[in-house]
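Coordinate inspection notes
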Amino acid sequence: MIHPTAIIDETAQIAPDVQVGAYSIIGADVTIGSGTVIGPHVVISGPTQIGKNNQFFQFGSIGAAPQDKKYAGEPTRLTIGDNNTFRENVTVNRGTIQDRGETTIGDDNWIMAGVHIAHDCIIGNHAIFANASALAGHVTVNDWAILGGYTLVHQFCHIGEHAFCGMGSVINQDVPNFVTVSGNLAGPRGLNIEGLKRRGFDKVQLNLVKKAYRALYRTGYRLEEAIQEIDAINDERKTLDSLLTFLKNSHRGVVR
């Protein structure tokens with residue numbers, strides 16, 4: 001299961017069924033769960049913990065030191081969950097002590113060729129990163145978000161659940177749950193209705209999301225007023241709870 005040209009540090013902990021391709025390098029303090037497949041010419045540096053059933057295609061750099069001039073060799077971490085796919089030339093950096101000291105990627109994410117995930121980013125579950133999209137440091141991407149090809153995200157921005165960022169978007173503020181954005185600089189273009197349908201949102205929930213979008217973008221309300229309106233129309237199922245939490249906790253301001 002391990003190619004004879006692969007180099008694996010003696011401190012690495014690798015499940016017996018892990019596959020490691022030709023010329024790949026697994027460094028010190030790396031843990032890799034069962035069912036994971038590492039292609040050829042992949043470099044995984046530690047401290048890094050990788051869960052089960054992940055796939056890393058060729059030429060990836062996973063767990064390298066952060067691209068931060070303040071970094072001075074501190075033992076920061078990268079943690080990756082289960083069932084993620086990392087296509088060719090993906091780069092993922094560890095965290096910094098100026099933040100949480102850890103970069104975190106959840107489960108079932110699809111990360112296409114040339115994607116960069118910088119230090120201290122937090123990625124949820126079921127997100128899609130199309131080719132060459134890039135996150136600066138300290139970015140959070142919530143569950144089911146989609147970043148189109150060549151999307152660029154400024155440091156400390158937050159991408160909400162079910163948000164959709166169109167191809168070539170340049171994002172310098174937070175993108176709320178459910179919202180589709182595009183452009184340079186990115187602006188609101190509507191709702192990710194098709195994505196919400198695929199996630200099981202029914203007609204009642206979709207109508208609530210549409211009303212929330214109107215409150216946020218079509219009424220001329222200030223953000224605080226929009227939050228009050230969205231809170232007032234929320235239903236017993238708490239369909240808009242996650243959106244309200246997102247808006248109340250935005251630090252960089254919301255794309256509007």
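The structure contained in this document is the topic of the report that follows. (Residues numbered from 1 in each chain as written. Predicted model: local features only at pLDDT ≥ 70, side-chain atom pairs only at ≥ 80, totals over all residues. Heavy atoms only, no water.)

Along its length, the chain carries 4 helices and 27 strands. For the chain, the spread of C-alpha atoms along the principal axes amounts to about 65 × 40 × 30 Å. Going through the 256 residues of the chain one by one, you find that 51% of them count as buried. For the chain, the share of sequence-separated contacts (at least 6 apart) that also reach a separation of at least 24 residues comes to 32%. By element, 50% of the accessible surface of the chain is carried by carbon and sulfur atoms, the whole surface being about 11700 Å². Within the chain, one finds 22 positive and 25 negative side-chain charges whose respective centroids are separated by 10 Å. (Helix = DSSP H or I, 4+ residues; strand = E, 2+ residues; numbered from the N terminus. Buried < 20%, exposed > 50% of the residue type's maximum accessible area, 1.4 Å probe, protein only. Contact = heavy atoms within 4.5 Å. Areas by Shrake-Rupley, 256 points an atom, 1.4 Å probe, with all protein chains shown as cover. Lys, Arg positive; Asp, Glu negative; His and termini not counted. Charge placed at Lys NZ, Arg CZ, Asp CG, Glu CD.)

As a further point, take the nonpolar core. Formed by 64 residues in total, the largest nonpolar core has its most connected members in L135 and V141. Contributions of two or more residues to this core are made by β5 (30–32), β11 (77–80), β26 (179–182), α2 (203–217), α3 (223–233) and α4 (241–248). Residues contacting V141, with those up to four places away along its chain left out, are I122, I123, G124, A127, F129, L135, L147 and I159. (Core = buried A, V, L, I, M, F, W, Y, C linked by side-chain atoms within 4.5 Å.)

Here we come to the sheet that holds strand β13 (residues 91–93). Two modes of strand pairing occur in sheets, parallel and antiparallel, and in both the strands are linked by backbone hydrogen bonds. Ordered in space as β1-β4-β7-β10-β13-β16-β19-β22-β25, the 9 strands form an open sheet in which the pairing is parallel. Both edges of this open sheet fall to β1 (7–8) and β25 (170–171), since each of them pairs with a single strand only. With 2 bridges connecting them, strand β22 (residues 152–153) and β25 associate as parallel partners. Bridging from a neighbouring strand, L152 pairs with V170 of β25. (Pairing = 2+ DSSP bridges.)

Structural measurements only, silent on function.
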